[in-house]
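Structural description and commentary
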Amino acid sequence: MDEMEEIQIAPADAVAFAVSRGQLLRVIDVEGQQVADFIAVRKGDASEFSSPGETILFNYPRIRLNPGDKFYSSKQQPMFEIVSDDAKGVHDFLFAACNRVWFESMDLPGHRNCNDNLRAALAKMDLNYETLPAPINLFQDTYPQPDGLVMSKPAPTGAGEGVTLRALVDCIVAVSSCSYDAEAAETCCNGPGPSPVRVELT
């Protein structure tokens, strides 16, 4: 039986770690209704990273992905394959990571944010980005509507549910527990507020 590595991510924080080709990576919503921002960088090439736009392009015309679909890189290469998904494809490919300037615009100076958290986590792996690659926002239920508005609901995952991905390349992955909490729990992507995320590697 393969040995499993567990990585704990505190609420409103982020962690980066190495993933080898062929490994299974499971991102778990520990308490439920928690978004996890996900960025992968190809090992040895900081200019190639997971791309929400390329992922949507190569899975056209669907934005709700299924097991067997893949996350693609900024250089149009498959990086991860979806093995199983308790969220049934509910992931966001539109939004940048929440950041301090955005929170300041809502009169929330100094608020913890995924941009700073992910950049700090990647820097610990010697990946220093002035501009953070756009994340894939796992479990984030935001989709454009015909009237041009974007629907927002709490993440659909319950406690202990998650998504399992198979790495197709050696890479560094950063995952955050999204820190957004600036609206009511009924519509906030993180429900009542940030909660833990766990990663399992096998």
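Here the structure is a predicted model, which means the values were calculated and not measured.

1. Here's the deal with the packing of aromatic side chains
- Taken as a whole, this structure holds seven aromatic pairs when the rule is applied.
- Ring plane angle 25° and centroid distance 5.3 Å describe the contact between Trp102 and Tyr180, whose orientation is recorded as stacked. Of this pair, Trp102 sits in helix α2 (residues 100-105) while Tyr180 sits in the loop between β12 (171-177) and β13 (197-201); the two residues are 78 residues apart in sequence, bridging distant segments of the chain.
- We classify Trp102 as partly exposed; its relative accessible area is 38%.
- When the ring centre of Tyr143 is taken as reference, the NZ or CZ atom of Arg64 above it lies at 4.5 Å.

2. Observations concerning the UniProt feature "domain: DUF1989" (unreviewed entry) in the protein
- Summarizing the sequence annotation, UniProt attributes the feature "domain: DUF1989" (unreviewed entry) to residues 8-172 in the numbering used throughout.
- End-to-end, the C-alpha atoms of residues 8-172 are 16 Å apart, and along that stretch the chain is 14% helix and 33% strand.

3. A look at the pattern of salt bridges
- This structure, assessed with the given rule, holds eight salt bridges.
- When the shortest N-O distance is used, the salt bridge between Arg166 and Glu81 registers 3.9 Å. Separated by 85 residues along the polypeptide, Arg166 in strand β11 (residues 161-167) and Glu81 in strand β6 (residues 78-85) bring together distant segments of the chain.
- By relative accessible area, Arg166 is classed as partly exposed at 31%.
- In this structure Glu81 comes out as partly exposed when scored by relative accessible area, which is 21%.

4. Observations concerning a nonpolar patch on the surface
- Side chains of Leu94, Phe95 and Val150 sit close together on the surface and give an oily, nonpolar patch of about 260 Å² of accessible area.
- Relative to the helices and strands, Phe95 is located in the loop between β7 (91-92) and α2.

5. Topic: the side chain of Asp37
- With respect to the element layout, Asp37 can be found in strand β4 (residues 36-42).
- Although buried, Asp37 forms no salt bridge, and the nearest oppositely charged side chain, Arg112, lies 12 Å from it.

6. Quick word on the environment of Val173
- Residue placement: Val173 occurs in strand β12.
- Sequence spacing of Val173 and Ile39 is 134 residues, and the spatial spacing of their C-alpha atoms is 5.7 Å.

7. What about the sheet that holds β12?
- Spatial ordering of the open sheet is given by β2-β12-β4-β8-β7, a layout of five strands whose pairing is antiparallel. The open sheet has two edge strands with one neighbour each: β2 (14-19) and β7.
- Alignment of β7 against strand β8 (residues 136-138), held across two bridges, turns out to be antiparallel. Each bridged residue has a counterpart across the sheet, and for Asp92 the counterpart in β8 is Asn137.
- On top of the sheet, helix α3 (residues 114-123) reaches β2, β4 and β12; it is set at about 145° to β12, its chief contact.

8. Let's talk about the pairing of β13
- Burial within β13 is extensive, with four of its five residues counted as buried.
- Relative to β13, strand β3 (residues 24-29) runs antiparallel, the two sharing five bridges. Its bridge partner lying in β13, Val27 is registered against Val199.

9. Section: the sheet that holds strand β1 (residues 5-9)
- Read from one edge of the open sheet, six strands run β1-β13-β3-β11-β6-β5, paired in antiparallel fashion. Across the chains shown, the open sheet's two edge strands, defined by having one partner strand only, are β1 and β5 (70-72). Strand-to-strand twist of the sheet, defined as the mean angle between neighbouring strand axes without regard to direction, takes the value 25°.
- Taken together, the six bridges between β3 and β11 define a ladder with antiparallel strand orientation.

Cut-offs used in this document
Residues numbered from 1 in each chain as written. Predicted model: local features only at pLDDT ≥ 70, side-chain atom pairs only at ≥ 80, totals over all residues. Heavy atoms only, no water. Phe/Tyr/Trp six-rings, centres within 6.5 Å; stacked < 30°, edge-to-face > 60°. Helix = DSSP H or I, 4+ residues; strand = E, 2+ residues; numbered from the N terminus. Buried < 20%, exposed > 50% of the residue type's maximum accessible area, 1.4 Å probe, protein only. Lys NZ or Arg CZ within 6 Å of the ring centre and 35° of its normal. UniProt positions renumbered as here; feature names shortened; annotations may be inferred. Salt bridge = Lys/Arg side-chain N within 4 Å of Asp/Glu carboxyl O. Patch = residues over 30% accessible without salt bridge, like charges linked within 9 Å, V, L, I, M, F, W, Y side chains within 5 Å. Areas by Shrake-Rupley, 256 points an atom, 1.4 Å probe, with all protein chains shown as cover. Lys, Arg positive; Asp, Glu negative; His and termini not counted. Pairing = 2+ DSSP bridges. Contact = heavy atoms within 4.5 Å. Axes fitted to C-alpha atoms, helices over the stretch in contact; angles between N-to-C directions.

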